[in-house]
Amino acid sequence: MAEEESQFEEFEQIDFLRDRHVRFFQRTLQVLPERYASLETTRLTIIFFALSGLDVLDALDMIDRNMMIEWIYSLQVLPTEDQSNLSRCGFRGSSHIGIPYTTKGPGVLHPYDSGHVAMTYTGLCSLLILGDDLSRVNKQACLAGLRALQLEDGSFYAVPEGSENDIRFIYCAASICYMLDDWSGMDIQKAIDYIRGSLSYDNGFGQGAGRESHGGWTYCAIASLCLMGRLEEALSQRELDRIRRWCIMRQQSGFHGRPNKPVDTCYSFWVGATLELLDVFQYTNFDRNRSFILSTQDRLVGGFAKWPDSHPDPLHAYLGLCGLSLIGEPSLRKVHPALNITQRAFQHLQQLQQTWRDSSGSCLRQH
Amino acid sequence: MSGVEETLNETVEVKEDNEFDGEVEDHPVDDYMADPTRYVFYRDRKDWADLEPVPQDDGPSPVVKIAYSEKFSDVYDYFRALLKNDERSERAFALTADAIELNAANYTVWHYRRVLLQALAKDLREEMRYITAIIEEQPKNYQVWHHRRMVVEWLNDPSEELEFIADILSQDAKNYHAWQHRQWVIQEYKLWESELEFVENLLEEDVRNNSAWNQRHFVISHTTGFSDAGVLDREIQYCLNQIRKAPHNESAWNYLKGMLQDRGLSTQPGLLEKVLELKETHCSPYLLAFLFDCYEDSLESSSQKENIDEEEQKISLKKALEICELLAQDKDTIRKEYWLFLGRSLKAKYGGGDGGTDALSEDPEASVPTSEPQELN
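Residues numbered from 1 in each chain as written. Chains lettered and ligands numbered in written order. Predicted model: local features only at pLDDT ≥ 70, side-chain atom pairs only at ≥ 80, totals over all residues. Heavy atoms only, no water.

Colleague: Please clarify how the overall build of chain B should be interpreted in this entry.
Modeller: Secondary structure assignment for chain B yields 15 helices and three strands. Counting all 377 residues of chain B, 50% fall into the buried class. In chain B, 61% of the contacts between residues at least 6 apart in sequence involve partners at least 24 apart. Total accessible area computed for chain B in this model is approximately 18,300 Å², and 47% of it derives from carbon and sulfur atoms. (Helix = DSSP H or I, 4+ residues; strand = E, 2+ residues; numbered from the N terminus. Buried < 20%, exposed > 50% of the residue type's maximum accessible area, 1.4 Å probe, protein only. Contact = heavy atoms within 4.5 Å. Areas by Shrake-Rupley, 256 points an atom, 1.4 Å probe, with all protein chains shown as cover.)

Structure follows, in structure tokens:
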């Protein structure tokens, strides 16, 4: 009996090790060993996970913001003198192509240099998190680069050279347009058509038409529609109710991404945030969700892993925190469920957008 | 064809390299053929001496810097040099293989390799063998599957695909990339014929394989369709059989509901009765949810009729609310709040004036969620 009781106490006392997670993200921002080589072209997304993670933890004060901001701007693919590369503009994931470091234009002509839609998205988010005013972002170039990536069927490539195309990059594109407050970067209707086409018979969304429904792609679909302001236009009430059902059935303890798959920490955010956007996250079981996420916490090095007794990584560490934030973990900042940045960073964006509108308004009044 | 494959301005003619992987030398070796197992840095290879390596430049304060070994940096410093000059040569092609081995997720290397495959008119059959081996090693990488798709398109030959994908699926029957590639091949080249059989075999092995159920729906919706009464009946029977074998299987229930949800869930002849039978011996949260959906469907369709049968409606509502209560309190407690919410919503919509007798709703007029915010310890 005593043993049972102490096990129960242990279960109750799974605590959230804030300081470990702060240090985990701080280390991530410094140096990673060579076994992380596969992350080279996506380093900007890793920075985003670490910065946004620190923001959620309210621990950005120890970051050298200006240094980070400069480094992020060095990843911007700027127009060349003759503007011949506009369709390739945006942000790179890293310096792997070998362009010499610079934060100023004009762009350098290079046969293989171009932005990547997920890096443009996380680059903009990261700048916002750091309090930057985006004044050095060449918005028109980014939007031109974005337009070049959209296909006839409404989905997006990641890069102008071509890549796989699917709903993930629609989400990146929608986020970019939302942040830049300019939807000329995409054909919204075509994107909506692709999203609708990705709705599966079982009422989740796949990566494209006919494909298996999945928590990550469902997030991309719903969050994109929310950012576009078209959720209830694109989907009927009946469809929305069915989607709510598919999503809420993903909870097993934590959440999984597909029926009959194991639970994984990151889906506490992908599915949780979708449920929040659909106004039914409040009907999930917070305790069991929390217990699962914390069971994947690495008590030694910090961060979270996809499963218990597995190695933590920046993505799961960040999304685990976001999952906890959704259920109201004290000491964590709230996260904007569609844009996946803190509400604090989101408010900074709103203020910025207001100044943009005010200044363009005043320009109009002058003429 | 995707992307912008740039045209040649000049070709650099270089003698073909023979490289052998192995131990790294501390000092330059002029003729590495003396010991072919010794790995030689590119910077020490005579036939690369014309090229100035390009290091990665992260500026004064790099962020998330990856600490590369000498070997790694050497390969990629020369990769960057080739890229800068847009060199189209055999030595460049050979280097891409080294670069891929070190980081198969670098999409620029793969793109450059495709440029070279075309510029040098390389043997695409050999490339198929190459990409087959890489995918076997790294089946969850986006770039490798995209590359394979490009080569298949160039060859216009899908003949190896179904077998190859089947092999990958035999190692992980739910690999999303593999299924996606499979759907692309089948749809592009109209290879529908044996796919239903393939799906059935996979479901024999694991009736809970959600990817296989999805594929079943994919095949049928693109071939016979579900509107054919014979097909629909066959599929309903198939589902019910699988449910009898393994009742706790969300995939089977999702498939059943998915087929019928726009065809009248509550009006399939005999189905409700069969499900009520199964409820006694093969119950599950999914069965109960399906029943709830049937009752809701009958409430909706009957409320749209000219003469609403109020008695029938009251019975359906009562049964639906009982299911909610059963799920919330006993059979699917993790979703308790959700089932209670559904019950309240249903009652608000169809409850009528008499207030009802069940204990579910505190406020019969409420049509908005009234759940208490959950407290964390």
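Colleague: Honestly, the packing of aromatic side chains in this entry has me stumped. Any pointers?
Modeller: Here a ring pair, both rings aromatic, is described through the centre-centre distance and the interplanar angle of the planes. Applying the stated criterion across every chain yields a total of 35 aromatic pairs over all chains. Between the aromatic rings of B:Trp213 and B:Tyr255, the centroid separation amounts to 5.2 Å while the plane-to-plane angle is 55 degrees, which identifies the pairing as tilted. Of this pair, B:Trp213 sits in helix H9 (residues 210-222) while B:Tyr255 is found in helix H11 (residues 250-260), placing the two residues 42 residues apart along the sequence. Judged on exposure class, the residue B:Trp213 and its partner B:Tyr255 are both buried. Grouped by ring-pair contacts, the aromatic residues A:Phe48, A:Phe49, A:Tyr121, A:Tyr171, A:Tyr219, A:Phe269, A:Trp270 and A:Tyr318 constitute a single cluster. Note that B:Arg45 overlies the ring of B:Tyr39, its terminal NZ or CZ placed 5.5 Å from the centroid. The cationic tip of B:Arg182 hangs over the ring face of B:Phe198; the distance from NZ or CZ to the ring centre is 3.7 Å. (Phe/Tyr/Trp six-rings, centres within 6.5 Å; stacked < 30°, edge-to-face > 60°. Lys NZ or Arg CZ within 6 Å of the ring centre and 35° of its normal.)

Colleague: Please clarify how the interface of chain B and chain A should be interpreted in this entry.
Modeller: Each partner contributes residues to the interface: chain B has 78 residues there, and chain A has 78 residues. Both sides together, the interface formed by chain B and chain A hides about 7,000 Å², and carbon and sulfur atoms give 50% of it. Across the chain B-chain A interface, the total number found is five salt bridges. In this structure, the salt-bridge partner of B:Asp293 is A:Arg245, at a minimum N-O distance of 2.8 Å. Residue composition of the side of chain B that touches chain A, by class: 32 nonpolar, 27 polar and 19 charged. With three bridges connecting them, strand S1 (residues 31-33) of chain A and strand S3 (residues 65-67) of chain B associate as parallel partners. Across the sheet, residue A:Leu32 finds its bridge partner in S3(B), namely B:Ile66. (Buried area = accessible area lost by both parts, 1.4 Å probe. Salt bridge = Lys/Arg side-chain N within 4 Å of Asp/Glu carboxyl O. Nonpolar A, V, L, I, M, F, W, Y, C, P; charged D, E, K, R; others polar. Pairing = 2+ DSSP bridges.)

Colleague: Quick question: what am I supposed to make of the packing of helix H10 (residues 229-245) of chain B against H11(B) here?
Modeller: Residue and element names in this part refer to chain B. Packing of H10 against H11 leaves a shortest axis separation of 9 Å and a crossing angle of 160 degrees. With respect to their mutual orientation, H10 and H11 come out roughly antiparallel. Here H10 and H11 pass one another in a crossing that is left-handed. For the pair formed by H10 and H11, the contact residues are Leu-232, Glu-235, Ile-236, Cys-239, Leu-240 and Ile-243 on the first element and Ala-252, Trp-253, Tyr-255, Leu-256, Met-259 and Leu-260 on the second. Within the contact of H10 with H11, the residues separate by chemical class into 11 nonpolar, no polar and one charged. (Axes fitted to C-alpha atoms, helices over the stretch in contact; angles between N-to-C directions. Parallel < 35°, antiparallel > 145°, perpendicular 65-115°, else oblique. Left-handed = near helix turned anticlockwise from the far one by under 90°.)

Colleague: Help me understand the side chain of B:Asp98, please; the structure alone is not making it clear to me.
Modeller: All names here are of chain B. Its location among the elements puts Asp-98 in helix H2 (residues 90-102). Nearest to the buried, unbridged Asp-98 among oppositely charged side chains is Arg-45, at 4.5 Å. A polar side-chain atom of Asp-98 sits 2.6 Å from a polar atom in the side chain of Tyr-42. (Lys, Arg positive; Asp, Glu negative; His and termini not counted. Polar contact = N/O pair within 3.5 Å; in protein donor to acceptor, adjacent residues only side chain to side chain.)

Colleague: Sorry if this is basic, but what is going on with the pattern of salt bridges here?
Modeller: When the charged atoms of two side chains with opposite charge come close together, those side chains can pair. Applying the stated criterion across every chain, the model contains 43 salt bridges over all chains. In the salt-bridge network here, residues are joined through shared partners; they are A:Glu40, A:Arg43, B:Asp58 and B:Lys65.

Colleague: In this structure, what is going on with unusual backbone geometry? I would like to understand it.
Modeller: Generally, phi is negative for residues other than glycine and the peptide bonds are trans, each holding for most cases. All names here are of chain A. For the bond running from Gly-105 to Pro-106, omega is -5 degrees, close enough to zero to count as cis. Mapped onto the elements, Pro-106 comes out in the loop between strand S3 (90-91) and helix H5 (117-129). Phi at Asp-181 takes a positive value of approximately 55 degrees, unusual for a residue other than glycine. In this structure, Asp-181 sits in the loop between helix H7 (167-180) and helix H8 (188-197).

Colleague: Please clarify how the environment of B:Arg344 should be interpreted in this entry.
Modeller: The topology assignment puts B:Arg344 in helix H15 (residues 336-350). The spatial distance from the C-alpha of B:Arg344 to the C-alpha of B:Cys324 is 9.5 Å, given a sequence separation of 20 residues.

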